[in-house]
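Given next are the chains, with one letter for each unit.
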Amino acid sequence: MRFEVLGTPRAVDASGSRVPAGGRQHQVVLACLLAADGRTVTDGTLMETLWGHGPSNSKRVALRVLVHHLRRNLGTESIVRANGGYRMMLDGHQLDASEFVALVESAAHDEARGRLAEARRSYRKALRLWRAPEAYQGTADTELVRAAAEHLGEQRMIAFESCVDIELSFGLHRELCAELAALATENPLRERLQAQLMLALVRSDRRAEALTTYERTRRLLADELGADPGARLQQLHTAILRGPAQAGTPSAVSDAVRPMQLPAPPSIFVAREDELSILDSLHKKVGPGQRLCGAMVVTGAGGMGKTALVTHWARQHQRGFPGGQLYLDLDDGTPAAALARSLIDLGVAPDDVPQQAEARAAKLRTLLSSRTVLMVLDNVGTAEQARPFLPGSGDSLLVIVSRNRLDGLVAREGLHLLVLTPLPVEPATRLLSETAGMSEPAIGDVRTLVELCHGMPLALRIVGAHLRLGAQPGILVADLKDERTRIARLTTTDGDVSVHAVIALSYRRLATPDRQLLRRLGLSGAGAIPLGAAAALAGVTSGTVLIGLIGRLTAVNLVALEAGRISLHQLTRIFAREQGQLEDTSADRANAERRLLSWYGQATGEAQQRIRPTAGGPDGKGAPDPLHLFLPELPDTAAAVRWVDAESDTIIKMITEHAQGHPDLVWPLAAHMRGWLQRRANRDTWITVTERGIRAAAMAGSSTGEATLQGSLGVAHSLLLHRVEARAAYQRASALCQRNGDHAGLADVEASLGGMLVESGELDEALPPLLRARHSANLLNDPDLIFKVEHNLGLLHRRAGRQQEALDSYTSALAAADRSGNRDWLSASVHTNLGRLHFLRDNVDLAETHYDTAVRLARSTGDRMREAWALHGCSDVAAARRDVPAAVAAMQKAVTILETLGDRRLDEMRARLAELLSDGTAGQTTPDQ
């Protein structure tokens, strides 16, 4: 499918036939989704676009119907539901606007390298893609689409002007006159276009028409802007009056005044090579027909080194701006005053400075058009503050430094955006060491200090200053490790520079609801949390409200939103938590913590249902809350495993921090983690989390929770062959199940106990609990219990040398697995053991089939332990066939997996790998499971 927006939005199929999108409203929705360029457009935005303010159920239904029709016409995969809105999936599709931009970029690249013929071809090919004078024609009456259309329109005009410069240099002036005249009439204020028309006319011996063009433009500029034509037009006019036009345009006049106002750059500056390269690339584009926009926004949170970066770069490129370097701090006054100051600094007499701000901006653009000046605006608060300073034409460059992202300048004027993020460890270490005056490599406490500054350049400079003044690294580490004193300690001794003050400046400028959300986010110890968790912390039950709050915090670089997760810089998080302790009551904070635990409890519970759908769980506590927002979409086991993978550190930290304060919410959270812990976690982590969950369940008075988690603890100890600890946990679980009358739970514990005894070689002692468990499982007709019993009985029979009985039990286990919601996960275990059984019978081919099946099923369900054990079997099969490289490869994968889990068979597998690597003749030791 090809989508075209360089004209009326439409879809075209592979044969070139137009695919009807529907009526006017369908086209508007399609235009909005395409203009968003893969981002989600909320329901509220679409409804407001279609029907004005005031969402209603009828409008929501109508919107869904419209999207349904679009999906039916364009393909069900083209539009997806996401985060309270819709998103156009452009992967696998073509977009003419993207093709246009790519061609223009290719042309500019060729032009910069002198390949003018190639550049001309690319420019003309790009311009031919336009089917109408405007992009999104007929639908550009909304802010979102209008911004995209205007941006594309400006790119089109720049591409055309750049192409014309090349064609004029090729002597094609006669061919260009008609086309230039038409576009110059449509765009009478584009001075570069008017100059090109004048040049084409005069070279075509149409001198009078060229002079008429100049006079018409001069009058229009005077009437509408109160300004004179720029230097390029004036010089061309003078040249025409004097005689025949030369081959090229006149050169710029020399500068009358050359201000050099930028603050001194930092004496120590490290890294930021990528950011400096971006500034370099923008500077290189400055020049007739080459640059797309002579301005850039450098943004980032306070303390990230924005001004340091710009002043350092400006010092390196001082000679590249013969017109001078202007520096204006917009914190010092109004834009109108700053405009007046910039005019005076560029040589305008104070009496000649216009009274109106608009006239001042126009005069500034005129001055900049004839000079090559670097102008730096620091501490810009809004896009409106910066707009009057944007160069209109010429080779000057504007760099805007702001804590705010100023997305409006990016969307409307097409400015480049450079976002500064924390420094990586290596350059952060260099910055700290050089600031401290250290010549030796950083080790020990100094490395720890770098970590505790979290990559913030300001924090690193402060710590470096303390070290230079004689502070002991160990003492600083002790102060900064304690989050209660970290922010306070990140201050110079005279209080002149302070991380707290830098963050507080941004915080004080927030509205009250935004401040409250930031404080709530500080309660989470995680570096990043999902949108739904943020909503729970804030007590927000409207997705639209939440996105608005997050959007405002993102706009000022206090949080970042990426892939549905909200992150804070660690120092900002500590600041937010401190502010919460000052401004919020303990009850407010406790309620927010409970909402957060409740959201994670529901989300993790849903993940558990995908990972272990029949595992059982909390006894009714933590019931689903219908107000919870943005719960994860978990269509299958793999998605559930990935989600818990991403959130596991946060969940485990919450279980640790809140076990005593909110035990009734913590133990269900621990219980919901059982399936993931068994498949993915290090065994020590599994034990630690489960023990904390048990203590929380005891505090909350939940014997069911205790029993569930004691059983999980027993399994964890069993897998590590901690026989004493495992037996004790099973006994406690058994007693609790008997007290609760939980027959299924008791049978599960006995089956686990029997399996542990088999693994320990106590076959006679293992048989009674397994037989009791088998009786209960059959009475309950529980396929998961039947599987567990038969699987462990199969292991018992095989250990006892009864291979046929083992095969019968494994076959029964496989049949039970087929009836279970855990089929693939359970089947992975039994296929591993069937592989072992057939391997012992010298049926290598059948063994290989079972092992390969086990690997596939284990991977599909995210079980790294079962995958490793099955890979061990694959290694033995390969070794039996004398394929030592394949045997080594499989065993290396198994060892790598178990090194993260801390499994009991790790040493055994390492020894086996060493044997394979030494001579490839060692015997086979396939593990049981």
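The structure presented is a predicted model; accordingly, all values stated were derived computationally and were not measured.

Below, the discussion takes up the pairing of strand β10 (residues 373-378). Counting buried positions over the 6 residues of β10 gives 6, a clear majority of the element. Across 6 bridges, strand β9 (residues 324-329) lies against β10 in parallel orientation. Paired with L326 across the two strands is M375, which belongs to β10. Relative to strand β11 (residues 397-402), β10 runs parallel, the two sharing 4 bridges. Its bridge partner being in β11, L374 is matched across the sheet by L397.

Our next topic: the nonpolar core. With 186 residues, the main nonpolar core has V499, L521 and Y600 as its most contacted residues. Excluding residues within four positions of it along the chain, Y600 makes contact with I529, P530, A533, G605, W643, E647, T650, I651, M654 and L669. L70, A97, A119 and A149 belong to the second largest nonpolar core, which has 71 residues in total.

Moving on to empty space enclosed by the protein. Evaluation of the coordinates by the stated rule reveals 3 cavities of 30 Å³ or more. In this structure, the largest cavity encloses a volume near 70 Å³. Every element with two or more residues in the lining of the largest cavity is listed here: α8 (191-203) and α10 (231-242). Residue composition of the lining of the largest cavity, by class: 3 nonpolar, 3 polar and 3 charged. In this structure, the second largest cavity spans a volume of roughly 60 Å³. If you go around the second largest cavity, the residues you meet are L523, S524, G525, A526, L596, T650, K653, M654, E657 and H658. Element by element, the count of residues in the lining of the second largest cavity is highest for helix α28 (residues 637-658), at 5 residues. By residue class, the composition of the lining of the second largest cavity is 4 nonpolar, 4 polar and 2 charged.

Paired through their backbone hydrogen bonds, the strands of a sheet run either parallel or antiparallel. With respect to topology, 3 strands assemble into an open sheet ordered β4-β6-β5, the strand pairing being antiparallel. In this open sheet, the two edge strands, each paired with only one partner strand, are β4 (41-42) and β5 (79-82). One ladder, built from 4 bridges, connects β5 with strand β6 (residues 85-88); its direction is antiparallel. Looking at the pairing, A82 lines up with G85 of β6.

Two numbers describe how helix α24 (residues 531-538) lies on helix α27 (residues 586-611): the axes approach to 7 Å, and their chain directions differ by 150 degrees. Put simply, α24 runs roughly antiparallel to α27. Regarding α24 and α27, the two cross each other, and that crossing is right-handed. For the pair α24 and α27, contact is made by G532, A533, A536, L537 and A538 and by A592, R595, L596, W599 and Y600, respectively. Here the contact of α24 with α27 is built from residues that sort into 8 nonpolar, 1 polar and 1 charged.

The next thing to look at is the sheet that holds strand β3 (residues 18-19). The strand order across the open sheet built from 4 strands is β3-β2-β1-β7, with neighbouring strands paired in mixed fashion. Two strands close off the open sheet at either side, each with one partner strand: β3 and β7 (94-95). One ladder, built from 2 bridges, connects strand β1 (residues 2-4) with β7; its direction is parallel. Directly across from R2, in β7, lies its bridge partner Q94.

Once that is clear, we can look at helix α5 (residues 116-128). Here α5 spans 18 Å end to end across 13 residues, near enough to the 18 Å set by a 1.5 Å rise per residue. Of all the residues in α5, the buried ones are A119, S122, Y123, R124, A126 and L127.

With respect to the helices and strands, the residue S122 is situated in helix α5. Overall, the relative accessible area of 13% leaves S122 in the buried class. When sequence neighbours within four positions are dropped, the list of residues in contact with S122 reads L103, S106, A107 and D110.

Where charged atoms of side chains with opposite charge meet at close range, the side chains can pair. Going through the model one piece at a time under the given rule, you end up with 50 salt bridges. Ionic pairing is found between R341 and D345, a salt bridge with its closest N-O pair at 3.5 Å. Of this pair, R341 and D345 are both found in helix α13 (residues 335-345), 4 residues apart, which corresponds to roughly one turn of the helix. With a relative accessible area of 37%, R341 lands in the partly exposed category. E384 is paired through a salt bridge with R387; the nearest N and O atoms lie 2.5 Å apart. Taking the relative accessible area as the measure of exposure, E384 reaches 53% and is therefore exposed. Shared partners join several salt bridges into a network, and the residues in it are R2, E4, R10, E99 and R131.

Conventions we followed
Residues numbered from 1 in each chain as written. Predicted model: local features only at pLDDT ≥ 70, side-chain atom pairs only at ≥ 80, totals over all residues. Heavy atoms only, no water. Buried < 20%, exposed > 50% of the residue type's maximum accessible area, 1.4 Å probe, protein only. Helix = DSSP H or I, 4+ residues; strand = E, 2+ residues; numbered from the N terminus. Pairing = 2+ DSSP bridges. Core = buried A, V, L, I, M, F, W, Y, C linked by side-chain atoms within 4.5 Å. Contact = heavy atoms within 4.5 Å. 1 Å grid on protein atoms, 1.4 Å probe; cavity = no way out; pocket = protein on both sides within 12 Å on 5 of 7 lines; lining within 4 Å. Points joined across faces, edges and corners; volume = space filled by probe spheres on them. Nonpolar A, V, L, I, M, F, W, Y, C, P; charged D, E, K, R; others polar. Axes fitted to C-alpha atoms, helices over the stretch in contact; angles between N-to-C directions. Parallel < 35°, antiparallel > 145°, perpendicular 65-115°, else oblique. Left-handed = near helix turned anticlockwise from the far one by under 90°. Expected span 1.5 Å × (residues − 1). Salt bridge = Lys/Arg side-chain N within 4 Å of Asp/Glu carboxyl O.

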